[in-house]
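Inside the fold
Each chain, letter by letter, is given below.
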Amino acid sequence: MRYAVVGDPVAHSASPSLFLALGRELGLPLEYRAEQVTAAELPGFLERVRAGAYQGLSVTLPHKETVLHLADTASVVARAVGAANTLVQREGRLEADNTDGVGLLRALASQGVNVEGARVLVLGAGGAARAALQATRDAGARALYVFNRTPERAERLAAAFGAVAVPLAELPRLLQDVDVLVQASAAGLSRPTETPLPEGCVLHPRLSVLDMVYQPLQTQLLRDARASGARAVDGLWMLVHQALAQCQLWTGIEAAPGVAIALHAALQQEAA
Ligand code: NAP
């Protein structure tokens, strides 16, 4: 059972320790490595995967969009998102999929947050935000909003997913009207005091906030959420659930609910 995460850079990835811990939890002889591969090297690397070097890959930046085109087939979800975070190698063919959306929904559900009928605001306009919009839309969100540092990108994304692009001036008022806030931008990544919300934005106590950033684990946004009485869900929950969904695509094995809790605890301890 040989798997790897492919990206450039990839040394920072939490995936190797996550999947090795998952292998131990499931009692599987799972090998998992980090493969640093440049864009120019990617087609040749995938040929090696087709030839059997790996049974599956996790895919991270900057290859999530490219692999969708280099794979032999792509799932409906990966095509809708326009990016893949998973490749499954079956008999020399590569199938592209995307588990970020299901990981997000399961992370929220595991912490008691249901997006069906909810008003959801997504921050960011990259691949993670696309996956969040696709998943929350398909899970029955009542209304979808998107805010991004570069407004033109939010407008394009909103048009693609039937969402409303929120201008900066309207963000503080809109924040009072939403039920779920999904932080899918890179704001706060390795910057413990940076928040994606501009000055003047206040979180209300009935809000649920998931921050996809998990380095650091306790981001400024999550600290602000807790301080205002809102529910705070850290990005490790999503990382764990998208990984469990990947493992299921690769092996067909569905992990019991306790496995996610054990993996989250192990990674939380590592991050401390
Ligand atoms: P991406 O495609 O590079 O998109 C980055 C987005 O973040 C863009 O919308 C960008 O805005 C915005 N941004 C970057 N720096 C910012 C800042 N300082 N302030 C405000 N906005 C900023 O990346 P991605 O793949 O969508 O990933 C986004 C984040 O989610 C990353 O931190 C990634 O690690 C995390 N993620 C976590 C999980 C998980 O399982 N927890 C899964 C997927 C992704 P502009 O358009 O203005 O440049």
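Note that the coordinates shown come from a computational prediction; the quantities given were computed from them, not determined experimentally.

**What about the layout of surface pockets?**
One water molecule sets the probe size; rolling that probe over the atoms shows where empty space is left. As a volume, the largest pocket reaches approximately 1,400 Å³. If you list the elements that add at least two residues to the lining of the largest pocket, you get helix H1 (15-26), strand S3 (56-59), helix H6 (127-138) and helix H10 (235-251). In terms of residues, the lining of the largest pocket owes the most to one element, H10, which gives 5 residues. Here the lining of the largest pocket gathers at least three residues from each of two domains, domain 1 (2-98 + 242-271) and domain 2 (101-233). Of the pockets and cavities examined, the second largest pocket occupies roughly 210 Å³. Lining the second largest pocket are 13 residues, and of these Arg 106, His 241, Leu 244, Ala 255 and Pro 257 lie nearest its centre. Mapped onto the lining of the second largest pocket, the elements with two or more residues apiece are helix H5 (100-110), H10 and helix H11 (257-271). Here the element with the most residues in the lining of the second largest pocket is H10; it accounts for 5 residues. Its residues placed into classes, the lining of the second largest pocket shows 8 nonpolar, 3 polar and 2 charged.

**Here we look at the site of the ligand**
The environment of the ligand is formed by 25 residues, the closest being Ala 125, Ala 128, Asn 148, Thr 150 and Arg 153. At a separation of 2.8 Å, an oxygen atom of the ligand approaches a polar backbone atom of Ala 125. For the ligand, a nitrogen atom lies 3.0 Å from a polar atom in the backbone of Gly 235. For the ligand, whose accessible area on its own is 930 Å², the fraction buried by protein is 80%. In a pocket analysis with a 2 Å cut-off to the grid points, the ligand is assigned to the largest pocket.

**Some words on the side chain of Thr 99**
In this fold, Thr 99 is placed in the loop between strand S6 (93-97) and H5. There is a polar contact of 3.0 Å between the side chain of Thr 99 and the backbone oxygen of Gln 242. Excluding residues within four positions of it along the chain, Thr 99 makes contact with Asn 85, Thr 86, Gln 242, Ala 245, Gln 246 and Leu 249.

**Observations concerning the environment of Ala 141**
With respect to the helices, strands and loops of the structure, Ala 141 is situated in the loop between H6 and strand S8 (143-147). It is 11 Å that separates the C-alpha atoms of Ala 141 and Gly 162, two residues lying 21 residues apart in sequence.

Reading guide: rules and limits
Residues numbered from 1 in each chain as written. Predicted model: local features only at pLDDT ≥ 70, side-chain atom pairs only at ≥ 80, totals over all residues. Heavy atoms only, no water. 1 Å grid on protein atoms, 1.4 Å probe; cavity = no way out; pocket = protein on both sides within 12 Å on 5 of 7 lines; lining within 4 Å. Points joined across faces, edges and corners; volume = space filled by probe spheres on them. Helix = DSSP H or I, 4+ residues; strand = E, 2+ residues; numbered from the N terminus. Domains from an automatic or database assignment. Nonpolar A, V, L, I, M, F, W, Y, C, P; charged D, E, K, R; others polar. Near = heavy atom within 4 Å. Polar contact = N/O pair within 3.5 Å; in protein donor to acceptor, adjacent residues only side chain to side chain. Areas by Shrake-Rupley, 256 points an atom, 1.4 Å probe, with all protein chains shown as cover. Sits in = over half its atoms within 2 Å of the grid points. Contact = heavy atoms within 4.5 Å.

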